[in-house]
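Descriptive analysis of the structure
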Amino acid sequence: MSSLFVFFSVYGETKEQSTRVTLAIIDTATRSSTMSTAEAAARKKLNLEKATNFMRQFRDPETRDLKKLSANQFMDVWSHYDKDGNGYIEGTELDGFLKEFVSSANSSDVGPEAVSDAVLAELKQCFLEAYDDNQDGKIDIRELAQLLPMEENFLLLFRFDNPLESSVEFMKIWREYDTDGSGFIEADELKNFLRDLLREAKKINDVSEDKLIEYTDTMLQVFDANKDGRLQLSEMAKLLPVRENFLCRSIFKGATKLTKEDIERVFALYDRDNNGSIENEELRGFLKDLLELVKKDYDAVDLQEFEETILRGCDYNQDGKISKKELTMILLALSKTSLDEESA
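Model, not experiment: these values are computed from the prediction. (Residues numbered from 1 in each chain as written. Predicted model: local features only at pLDDT ≥ 70, side-chain atom pairs only at ≥ 80, totals over all residues. Heavy atoms only, no water.)

Examining the pattern of salt bridges
- One pass over the structure, following the stated rule, counts 18 salt bridges.
- A salt bridge links glutamate 307 to arginine 284; its shortest N-O distance comes to 3.6 Å. Here arginine 284 lies in helix 15 (residues 281–292) and glutamate 307 lies in helix 16 (residues 300–314), a separation of 23 residues in the sequence.
- Here aspartate 289 makes a salt bridge to lysine 288, at a shortest N to O gap of 4.0 Å. Each member of the pair, aspartate 289 together with lysine 288, is buried.
- One salt-bridge network, in which partners are shared between bridges, spans Arg175, Glu281, Arg284 and Glu307. (Salt bridge = Lys/Arg side-chain N within 4 Å of Asp/Glu carboxyl O. Helix = DSSP H or I, 4+ residues; strand = E, 2+ residues; numbered from the N terminus. Buried < 20%, exposed > 50% of the residue type's maximum accessible area, 1.4 Å probe, protein only.)

Examining the UniProt feature "domain: EF-hand" (unreviewed entry) in the chain
- Taken from the UniProt record, the annotation "domain: EF-hand" (unreviewed entry) applies to residues 69–104, 118–154, 165–200, 211–246 and 258–293.
- Taken end to end, residues 118–154 is 65% helix and 0% strand, and its two terminal C-alpha atoms sit 35 Å from one another.
- The span residues 211–246 carries 56% helix and 0% strand; its end-to-end C-alpha distance comes to 37 Å. (UniProt positions renumbered as here; feature names shortened; annotations may be inferred.)

Concerning a nonpolar patch on the surface
- Taken together, the side chains of Tyr316, Met329 and Leu332 present a nonpolar region at the surface, about 320 Å² in accessible area.
- Position of leucine 332 relative to the elements: it lies in helix 17 (residues 324–343).
- By relative accessible area, leucine 332 is classed as partly exposed at 43%. (Patch = residues over 30% accessible without salt bridge, like charges linked within 9 Å, V, L, I, M, F, W, Y side chains within 5 Å. Areas by Shrake-Rupley, 256 points an atom, 1.4 Å probe, with all protein chains shown as cover.)

A look at unusual backbone geometry
- With a phi angle near 55°, lysine 227 is a residue other than glycine that sits in the positive phi range.
- Mapped onto the fold, lysine 227 is located in the loop between helix 12 (209–223) and helix 13 (233–239).
- You can call lysine 227 exposed: its relative accessible area is 56%.
- If you check the backbone angles, asparagine 280 has positive phi at about 55° while not being a glycine.
- Mapped onto the secondary structure, asparagine 280 falls in the loop between helix 14 (260–270) and helix 15.

Shown next as C-alpha cells:
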C-alpha cells in the first residue's frame, strides 16, 4: 500500500501522535516534484507561499503538527474551501484543500504547487478511501471533522457512534426540541439540543455557557442552508443523521420484485411500538423518508401537506394511520413509479 495511505490511516487513528509520520510522508510526497533551486528562490522572493496556503496558519511553526481548532476556526476552514457554499468540498475545491493540507506540513517554504498532479491523484484516492464515508467522491462537513483536530467537545457534535436507527427516532427528537411547535428549531432550542447531546457524552461540565453559544452559532452557520437563523426539517436531518433511509434501497426502485418479507421489514422499521399500525411520529418518520426521495429541501409545512396527500390517497379507512395493507400499496406504487422512470 502507498505511503500516502499509511499517512491517512495513521493520522485518522492517532491524530495526537502523528507529527513525525506527517513530516516523513510529506517529504516523500513532495520530493518527486520539488522545484529547481532557481525556481524555489524565485518563489520565495515573491513570498507567495504563506499568503496563499490557508492551512499553514493552523500548524505549529516548530512541529508542523495541526493545532486543535476552535469551533470558529473550523468554520473558517470549511467556508474557505467550500467556495460555492453547496455543502461539499469537491472537484477543484478538494484539490486545493489537499494540496494546501499537504504542503503546509513541510518545514520548508514550499507552496501547494510543490504537489504534482501524480501525487495529488494518489493523495486524493487515499484520502477518499479513508474519510469519504458515503463514497460519493466528495467531502461533507462531518467527514472533514474526522480529519481535522478540534476541541473535543465540539468534535463530539459531529460524531455519532450510534446513528439513529430510523426517522421515527428523529421525529421524536424533533418534537421534543421544537418546544414552541413552530416547525423550526430556533437558536435557543438548538442550544438546548446541543447541551443535552454533550450531557449524554458526559462532557457538559467542560462547556461554559459562552462556549455553548459559540457552538450553537457555528452549527447554525454550518447547517442553516437558507440562512434564516433557524433549522428546518431537512437541515436538522443533516445535523442528526439517520443510519439509513430504508426506502432508498434497490428493492423500492423497480430493480427487483417486492416480497412479503420486504414489506414485513419495512413495517417493523416504522411500527416501533408494535401495535399493528404506523401512526404519529412513526407515520411522520415514514413520510419524511418518503419525502426525501423527491425533495431535497423540506420543512414542517411540506411534511404536513405530504401527510395530508398520502392519507387522502391511501388511508382507506380514514383513521389517520397506515396499516400493513396500506403500506403495501404505497411501496408497490413507489416501486412501479421508479420502474416507469427507469424505462422512460
